[in-house]
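Commentary on secondary and tertiary structure
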Amino acid sequence: MAVLGSSSSCSVAVVGAVLVIVLVLNGAGLCNGGKTSAFVRKVEKTVDMPLDSDVFRVPPGYNAPQQVHITQGDRVGKGVIVSWVTPDEPGSSEVLYWSENSEHKQKAKGKVNRYKFYNYTSGYIHHCTINNLMYNTKYCYEVGIGQTVRQFWFTTPPEVGPDVPYTFGLIGDLGQSFDSNLTLTHYENNPQKGQTVLFVGDLCYADQYPNHDNVRWDTWGRFAERSVAYQPWIWTAGNHELDFAPELGENKPFKPFTNRYHTPYRASNSTAPFWYSIKRASAYIIVLSSYSAYAHLLLISFYLCSLLR
(Lines give C-alpha, C1' and ligand atoms only; values in the text may rest on other atoms or scores of the structure.)
Protein backbone atom coordinates (compact mmCIF):
# COMPACT_ATOMS: atom_id res chain seq x y z
CA MET A 1 0.00 0.00 0.00
CA ALA A 2 1.19 3.48 -0.81
CA VAL A 3 -0.17 6.99 -0.78
CA LEU A 4 0.38 9.12 -3.86
CA GLY A 5 0.28 12.90 -3.76
CA SER A 6 -0.90 14.46 -7.00
CA SER A 7 0.22 17.98 -7.83
CA SER A 8 2.27 18.11 -11.01
CA SER A 9 3.34 14.71 -12.18
CA CYS A 10 3.28 11.70 -14.41
CA SER A 11 3.20 8.45 -12.49
CA VAL A 12 2.78 4.83 -13.54
CA ALA A 13 1.82 2.05 -11.12
CA VAL A 14 2.05 -1.57 -12.29
CA VAL A 15 1.06 -4.71 -10.39
CA GLY A 16 1.44 -7.92 -12.38
CA ALA A 17 -0.26 -7.44 -15.72
CA VAL A 18 -2.75 -4.97 -14.31
CA LEU A 19 -1.96 -1.43 -15.32
CA VAL A 20 -3.16 1.82 -13.79
CA ILE A 21 -1.70 4.93 -15.40
CA VAL A 22 -1.97 8.22 -13.53
CA LEU A 23 -1.18 11.22 -15.68
CA VAL A 24 -1.29 14.61 -14.03
CA LEU A 25 -2.85 17.06 -16.40
CA ASN A 26 -0.03 19.57 -16.82
CA GLY A 27 2.52 16.77 -17.31
CA ALA A 28 5.42 18.77 -15.90
CA GLY A 29 7.78 17.67 -13.16
CA LEU A 30 7.93 14.42 -11.25
CA CYS A 31 5.38 13.02 -8.82
CA ASN A 32 6.80 12.41 -5.38
CA GLY A 33 4.32 11.55 -2.66
CA GLY A 34 7.20 11.06 -0.25
CA LYS A 35 7.70 8.19 2.16
CA THR A 36 4.59 8.29 4.25
CA SER A 37 5.33 5.42 6.63
CA ALA A 38 7.79 2.73 7.60
CA PHE A 39 4.99 0.14 7.47
CA VAL A 40 5.91 -3.00 5.50
CA ARG A 41 3.55 -5.94 5.20
CA LYS A 42 5.40 -9.11 6.19
CA VAL A 43 6.51 -11.56 3.52
CA GLU A 44 5.38 -14.74 5.27
CA LYS A 45 2.10 -16.28 4.19
CA THR A 46 -0.72 -14.96 6.33
CA VAL A 47 -3.89 -16.60 7.63
CA ASP A 48 -7.34 -15.62 6.43
CA MET A 49 -9.72 -14.22 9.01
CA PRO A 50 -12.48 -16.67 10.05
CA LEU A 51 -16.05 -16.09 8.96
CA ASP A 52 -17.08 -14.99 12.46
CA SER A 53 -14.52 -12.14 12.57
CA ASP A 54 -15.91 -8.82 13.73
CA VAL A 55 -14.85 -7.12 10.47
CA PHE A 56 -17.26 -9.43 8.60
CA ARG A 57 -20.18 -8.63 10.88
CA VAL A 58 -23.58 -8.37 9.18
CA PRO A 59 -25.39 -5.07 9.90
CA PRO A 60 -28.32 -5.48 12.32
CA GLY A 61 -31.91 -5.52 11.13
CA TYR A 62 -33.89 -7.50 8.59
CA ASN A 63 -32.58 -7.05 5.04
CA ALA A 64 -30.21 -4.28 6.12
CA PRO A 65 -28.00 -2.98 3.27
CA GLN A 66 -24.45 -4.29 3.46
CA GLN A 67 -21.25 -4.25 1.41
CA VAL A 68 -21.86 -0.58 0.60
CA HIS A 69 -19.25 0.86 -1.77
CA ILE A 70 -18.79 3.80 -4.09
CA THR A 71 -16.72 4.57 -7.15
CA GLN A 72 -16.56 7.46 -9.59
CA GLY A 73 -19.64 7.48 -11.78
CA ASP A 74 -18.72 9.79 -14.66
CA ARG A 75 -15.66 11.07 -16.52
CA VAL A 76 -14.83 14.16 -14.46
CA GLY A 77 -15.77 13.49 -10.83
CA LYS A 78 -19.31 14.90 -10.64
CA GLY A 79 -20.92 11.48 -10.50
CA VAL A 80 -20.80 8.58 -8.03
CA ILE A 81 -21.91 4.96 -8.39
CA VAL A 82 -23.36 3.71 -5.09
CA SER A 83 -23.59 -0.08 -4.74
CA TRP A 84 -24.84 -2.34 -1.97
CA VAL A 85 -26.38 -5.74 -1.27
CA THR A 86 -29.63 -6.65 0.46
CA PRO A 87 -29.52 -10.30 1.54
CA ASP A 88 -33.16 -11.32 1.92
CA GLU A 89 -35.27 -9.45 -0.65
CA PRO A 90 -34.79 -6.68 -3.20
CA GLY A 91 -35.99 -3.81 -1.03
CA SER A 92 -35.43 -0.39 -2.58
CA SER A 93 -32.79 0.59 -5.15
CA GLU A 94 -33.15 4.29 -4.39
CA VAL A 95 -30.44 6.45 -2.90
CA LEU A 96 -31.42 9.51 -0.90
CA TYR A 97 -28.66 12.14 -0.92
CA TRP A 98 -28.04 15.76 0.03
CA SER A 99 -25.15 18.17 0.43
CA GLU A 100 -23.94 18.63 3.99
CA ASN A 101 -25.23 22.19 4.31
CA SER A 102 -28.56 21.62 2.58
CA GLU A 103 -31.92 20.47 3.88
CA HIS A 104 -33.07 19.57 0.37
CA LYS A 105 -32.86 15.80 -0.15
CA GLN A 106 -32.80 14.28 -3.61
CA LYS A 107 -33.43 10.76 -4.88
CA ALA A 108 -31.67 8.68 -7.50
CA LYS A 109 -33.11 5.41 -8.77
CA GLY A 110 -30.87 2.43 -9.36
CA LYS A 111 -31.20 -1.15 -10.56
CA VAL A 112 -30.97 -4.50 -8.81
CA ASN A 113 -29.70 -7.88 -10.01
CA ARG A 114 -28.60 -11.29 -8.71
CA TYR A 115 -26.26 -13.94 -10.05
CA LYS A 116 -25.52 -17.62 -9.47
CA PHE A 117 -22.10 -19.21 -9.32
CA TYR A 118 -22.03 -22.99 -9.03
CA ASN A 119 -23.95 -23.73 -5.81
CA TYR A 120 -24.05 -20.11 -4.62
CA THR A 121 -26.79 -17.53 -5.19
CA SER A 122 -25.98 -13.91 -4.44
CA GLY A 123 -28.05 -11.47 -2.49
CA TYR A 124 -29.77 -8.61 -4.28
CA ILE A 125 -27.06 -6.36 -5.70
CA HIS A 126 -27.99 -2.70 -6.21
CA HIS A 127 -26.20 -0.10 -8.31
CA CYS A 128 -27.32 3.53 -8.43
CA THR A 129 -25.54 6.38 -10.22
CA ILE A 130 -25.83 9.90 -8.82
CA ASN A 131 -25.04 12.60 -11.39
CA ASN A 132 -24.56 16.38 -11.52
CA LEU A 133 -22.98 16.74 -8.11
CA MET A 134 -21.10 19.87 -7.11
CA TYR A 135 -17.33 19.77 -6.91
CA ASN A 136 -15.49 19.83 -3.60
CA THR A 137 -18.66 19.19 -1.61
CA LYS A 138 -19.49 16.78 1.18
CA TYR A 139 -22.63 14.74 0.55
CA CYS A 140 -24.56 12.47 2.87
CA TYR A 141 -26.46 9.52 1.43
CA GLU A 142 -28.83 6.84 2.64
CA VAL A 143 -29.67 3.35 1.41
CA GLY A 144 -32.27 0.96 2.72
CA ILE A 145 -35.87 1.38 3.88
CA GLY A 146 -37.87 1.33 7.07
CA GLN A 147 -35.96 0.41 10.21
CA THR A 148 -32.79 -0.55 8.32
CA VAL A 149 -31.82 2.72 6.65
CA ARG A 150 -28.05 3.22 6.73
CA GLN A 151 -26.35 6.58 6.26
CA PHE A 152 -22.88 7.32 4.86
CA TRP A 153 -21.07 10.28 3.31
CA PHE A 154 -18.46 11.15 0.68
CA THR A 155 -16.71 14.26 -0.60
CA THR A 156 -16.52 15.07 -4.30
CA PRO A 157 -13.14 16.09 -5.75
CA PRO A 158 -12.16 19.62 -6.78
CA GLU A 159 -12.86 20.64 -10.35
CA VAL A 160 -10.51 19.08 -12.89
CA GLY A 161 -7.47 21.26 -13.48
CA PRO A 162 -3.67 21.17 -13.81
CA ASP A 163 -2.73 22.50 -10.38
CA VAL A 164 -5.21 20.86 -8.04
CA PRO A 165 -3.69 19.07 -5.00
CA TYR A 166 -5.19 15.63 -4.39
CA THR A 167 -4.05 12.49 -2.59
CA PHE A 168 -4.62 8.95 -3.83
CA GLY A 169 -4.11 5.74 -1.92
CA LEU A 170 -2.71 2.81 -3.88
CA ILE A 171 -3.82 -0.68 -2.77
CA GLY A 172 -3.73 -4.06 -4.46
CA ASP A 173 -3.86 -7.76 -3.59
CA LEU A 174 -5.75 -6.94 -0.41
CA GLY A 175 -7.51 -10.20 0.37
CA GLN A 176 -9.14 -10.87 3.73
CA SER A 177 -6.38 -12.10 5.97
CA PHE A 178 -5.27 -10.74 9.31
CA ASP A 179 -2.59 -8.81 7.40
CA SER A 180 -5.31 -7.42 5.10
CA ASN A 181 -6.93 -5.88 8.14
CA LEU A 182 -3.60 -4.37 9.19
CA THR A 183 -3.10 -2.94 5.71
CA LEU A 184 -6.53 -1.30 5.56
CA THR A 185 -6.16 0.03 9.10
CA HIS A 186 -2.79 1.49 8.18
CA TYR A 187 -4.32 3.26 5.19
CA GLU A 188 -7.18 4.64 7.29
CA ASN A 189 -4.79 5.95 9.93
CA ASN A 190 -2.19 7.38 7.55
CA PRO A 191 -1.73 11.09 8.35
CA GLN A 192 -1.61 11.87 4.61
CA LYS A 193 -5.34 10.99 4.49
CA GLY A 194 -5.89 9.54 1.05
CA GLN A 195 -9.02 10.87 -0.63
CA THR A 196 -9.54 8.14 -3.23
CA VAL A 197 -8.08 4.64 -3.60
CA LEU A 198 -6.64 3.36 -6.85
CA PHE A 199 -7.25 -0.36 -6.42
CA VAL A 200 -4.93 -2.25 -8.75
CA GLY A 201 -6.59 -5.65 -8.73
CA ASP A 202 -7.11 -8.84 -6.69
CA LEU A 203 -9.88 -8.07 -4.22
CA CYS A 204 -11.10 -10.97 -2.11
CA TYR A 205 -9.29 -14.13 -3.36
CA ALA A 206 -12.50 -16.15 -3.35
CA ASP A 207 -10.99 -18.19 -6.16
CA GLN A 208 -8.51 -19.66 -3.65
CA TYR A 209 -11.34 -21.37 -1.75
CA PRO A 210 -13.04 -24.64 -2.72
CA ASN A 211 -15.52 -24.10 -5.56
CA HIS A 212 -14.56 -20.40 -5.68
CA ASP A 213 -16.64 -19.91 -2.55
CA ASN A 214 -18.55 -16.71 -3.32
CA VAL A 215 -19.42 -16.24 0.34
CA ARG A 216 -15.93 -14.75 0.49
CA TRP A 217 -17.04 -12.01 -1.89
CA ASP A 218 -19.69 -11.11 0.68
CA THR A 219 -17.29 -11.13 3.62
CA TRP A 220 -14.79 -8.99 1.72
CA GLY A 221 -17.49 -6.49 0.82
CA ARG A 222 -18.42 -6.08 4.47
CA PHE A 223 -14.75 -5.88 5.47
CA ALA A 224 -13.91 -3.08 2.98
CA GLU A 225 -17.13 -1.13 3.58
CA ARG A 226 -15.59 0.90 6.39
CA SER A 227 -13.46 2.73 3.80
CA VAL A 228 -15.08 2.28 0.40
CA ALA A 229 -18.52 3.47 1.56
CA TYR A 230 -16.95 6.86 2.33
CA GLN A 231 -14.47 7.42 -0.49
CA PRO A 232 -14.33 6.08 -4.04
CA TRP A 233 -12.18 3.10 -4.85
CA ILE A 234 -11.28 3.04 -8.54
CA TRP A 235 -11.47 -0.59 -9.60
CA THR A 236 -9.12 -2.64 -11.75
CA ALA A 237 -9.73 -6.36 -12.33
CA GLY A 238 -6.82 -8.71 -11.62
CA ASN A 239 -6.28 -12.41 -12.24
CA HIS A 240 -8.08 -13.33 -9.00
CA GLU A 241 -11.24 -11.69 -10.37
CA LEU A 242 -11.36 -14.07 -13.37
CA ASP A 243 -13.33 -16.81 -11.58
CA PHE A 244 -13.22 -18.88 -14.78
CA ALA A 245 -14.04 -22.43 -13.68
CA PRO A 246 -15.25 -24.74 -16.47
CA GLU A 247 -14.92 -27.69 -14.10
CA LEU A 248 -17.77 -26.10 -12.10
CA GLY A 249 -19.78 -25.21 -15.17
CA GLU A 250 -18.71 -21.57 -14.86
CA ASN A 251 -17.50 -20.47 -18.29
CA LYS A 252 -18.05 -16.72 -18.05
CA PRO A 253 -14.96 -14.88 -16.77
CA PHE A 254 -15.31 -12.12 -14.17
CA LYS A 255 -18.91 -13.04 -13.30
CA PRO A 256 -18.81 -12.12 -9.58
CA PHE A 257 -16.69 -8.99 -10.16
CA THR A 258 -18.83 -7.53 -12.95
CA ASN A 259 -22.05 -8.18 -11.05
CA ARG A 260 -20.77 -6.62 -7.84
CA TYR A 261 -18.38 -3.84 -8.90
CA HIS A 262 -19.41 -1.40 -11.60
CA THR A 263 -17.08 1.04 -13.33
CA PRO A 264 -17.85 4.21 -15.35
CA TYR A 265 -16.52 2.70 -18.58
CA ARG A 266 -19.35 3.90 -20.79
CA ALA A 267 -18.71 7.50 -19.73
CA SER A 268 -15.23 7.25 -21.25
CA ASN A 269 -16.41 5.59 -24.48
CA SER A 270 -14.97 2.23 -23.52
CA THR A 271 -16.56 -1.02 -24.65
CA ALA A 272 -15.94 -3.03 -21.46
CA PRO A 273 -15.64 -2.40 -17.71
CA PHE A 274 -12.04 -3.65 -17.65
CA TRP A 275 -10.58 -0.63 -19.41
CA TYR A 276 -11.71 2.94 -18.96
CA SER A 277 -10.44 6.40 -18.08
CA ILE A 278 -11.49 9.14 -15.71
CA LYS A 279 -10.29 12.56 -14.62
CA ARG A 280 -10.14 13.41 -10.95
CA ALA A 281 -8.73 16.71 -9.69
CA SER A 282 -5.32 17.02 -11.44
CA ALA A 283 -5.04 13.34 -12.40
CA TYR A 284 -5.97 11.62 -15.64
CA ILE A 285 -6.43 7.96 -14.67
CA ILE A 286 -6.35 5.20 -17.29
CA VAL A 287 -7.34 1.71 -16.11
CA LEU A 288 -6.36 -1.32 -18.19
CA SER A 289 -6.63 -5.02 -17.36
CA SER A 290 -4.83 -7.41 -19.64
CA TYR A 291 -6.54 -10.31 -17.89
CA SER A 292 -9.60 -9.72 -20.03
CA ALA A 293 -9.93 -12.03 -23.05
CA TYR A 294 -7.01 -11.98 -25.47
CA ALA A 295 -9.34 -11.05 -28.31
CA HIS A 296 -9.90 -7.78 -26.46
CA LEU A 297 -6.22 -6.80 -26.33
CA LEU A 298 -6.41 -5.12 -29.72
CA LEU A 299 -9.42 -3.13 -28.53
CA ILE A 300 -7.45 -2.12 -25.44
CA SER A 301 -4.58 -0.95 -27.64
CA PHE A 302 -6.88 1.12 -29.83
CA TYR A 303 -8.56 2.57 -26.75
CA LEU A 304 -5.29 3.55 -25.12
CA CYS A 305 -3.98 5.12 -28.33
CA SER A 306 -7.19 7.15 -28.68
CA LEU A 307 -6.72 8.53 -25.14
CA LEU A 308 -3.08 9.45 -25.58
CA ARG A 309 -3.32 11.19 -28.93
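Residues numbered from 1 in each chain as written. Predicted model: local features only at pLDDT ≥ 70, side-chain atom pairs only at ≥ 80, totals over all residues. Heavy atoms only, no water.

Quick reminder of the rule: UniProt positions are given in the numbering used here, feature names are shortened, and annotations may be inferred rather than shown by experiment.
An unreviewed UniProt entry lists the chain under the name Purple acid phosphatase, from Rhodamnia argentea. Listed under Sequence similarities (unreviewed entry) in UniProt, the entry text for the chain is "Belongs to the metallophosphoesterase superfamily. Purple acid phosphatase family." For the record of the chain, the UniProt heading Catalytic activity (unreviewed entry) holds the text "a phosphate monoester + H2O = an alcohol + phosphate".

1. Re the environment of Ala-237
Let me state the cut-off plainly: Going along the chain from the N terminus, every DSSP run of H or I of four or more residues is numbered as a helix, and every run of E of two or more is numbered as a strand.
Of note, Ala-237 is situated in the loop between strand 16 (233–235) and helix 3 (255–260). Each C-alpha atom of the pair Ala-237 and Ser-290 lies 8.9 Å from the other, and the pair is 53 residues apart in sequence.

2. As for the side chain of Arg-150
What counts, and what does not: Residues adjacent in sequence count toward polar contacts only when both atoms are side-chain atoms; beyond that, a polar contact is any pair of N or O atoms within 3.5 Å, and within protein one must be able to donate a hydrogen and the other to accept it. The contact criterion used throughout is that any non-hydrogen atoms of two residues lie within 4.5 Å.
Within the element layout of this structure, Arg-150 appears in strand 13 (residues 150–155). Within the structure, the side chain of Arg-150 is placed 2.8 Å from the backbone oxygen of Pro-65, a separation counted as a polar contact. In this structure the side chain of Arg-150 is engaged in a polar contact, spanning 2.8 Å, whose partner is the side chain of Glu-225. Aside from chain neighbours lying at most four places away, what touches Arg-150 is Pro-59, Pro-65, Gln-66, Val-68, Tyr-141, Glu-142, Val-143 and Glu-225.

3. Focus on the layout of surface pockets
The following threshold applies: Points on a 1 Å grid over protein atoms alone make up a cavity when a 1.4 Å probe fits among them but cannot get out, and a pocket when they form an open set with protein on both sides within 12 Å along at least five of seven lines; lining residues each have an atom within 4 Å of a point. Grid points are joined across faces, edges and corners, and a volume is the space filled by probe spheres set on the points. Residue polarity is assigned by list, with Asp, Glu, Lys and Arg as charged and Ala, Val, Leu, Ile, Met, Phe, Trp, Tyr, Cys and Pro as nonpolar; anything else, Gly included, falls into the polar class.
There is about 490 Å³ of room inside the largest pocket. If you trace the largest pocket, you find 20 residues lining it, with His-127, Thr-129, His-262, Thr-263 and Arg-266 closest to the centre. Residue assignment for the lining of the largest pocket shows that the elements contributing at least two residues are strand 8 (111–113), strand 11 (124–130) and helix 3. Residues of the lining of the largest pocket, tallied by class, amount to eight nonpolar, nine polar and three charged.

4. Here's the deal with the pairing of strand 18 (residues 283–289)
Our working rule: Working definition: with a 1.4 Å probe on protein chains only, accessible area under 20% of the residue-type maximum means buried, over 50% means exposed, and in between means partly exposed. One bridge is not enough; two strands pair if DSSP finds at least two bridges between them.
For strand 18, the tally of buried residues reaches seven of seven residues, placing the bulk of the element in the interior. Residues Ala-283, Ile-285, Val-287 and Ser-289 point to one face of strand 18 and Tyr-284, Ile-286 and Leu-288 to the other, with burial holding for every one of them. Counting the residues between successive antiparallel strands, the hairpin from strand 17 (residues 276–280) to strand 18 contains two residues, one of them, Ala-281, with a positive phi of roughly 55°.

5. Focus on the nonpolar core
In plain terms, the rule: Joining through side-chain atoms within 4.5 Å is the link that ties buried Ala, Val, Leu, Ile, Met, Phe, Trp, Tyr and Cys residues into a set, and such a set is a nonpolar core.
In this structure, Phe-199, Leu-203, Trp-220, Trp-233 and Trp-235 are the most contacted members of the largest nonpolar core, which totals 45 residues. Sorting the residues of this core by element identifies strand 14 (166–171), helix 1 (178–189), strand 15 (196–199), helix 2 (215–228), strand 16, strand 17, strand 18 and helix 4 (297–308) as the ones contributing at least two each. Looking at this core, the element that brings in the most residues is strand 18, giving six residues. The next biggest cluster of nonpolar side chains, apart from the first, holds 17 residues, and it includes Val-82, Tyr-97, Cys-128 and Phe-152.

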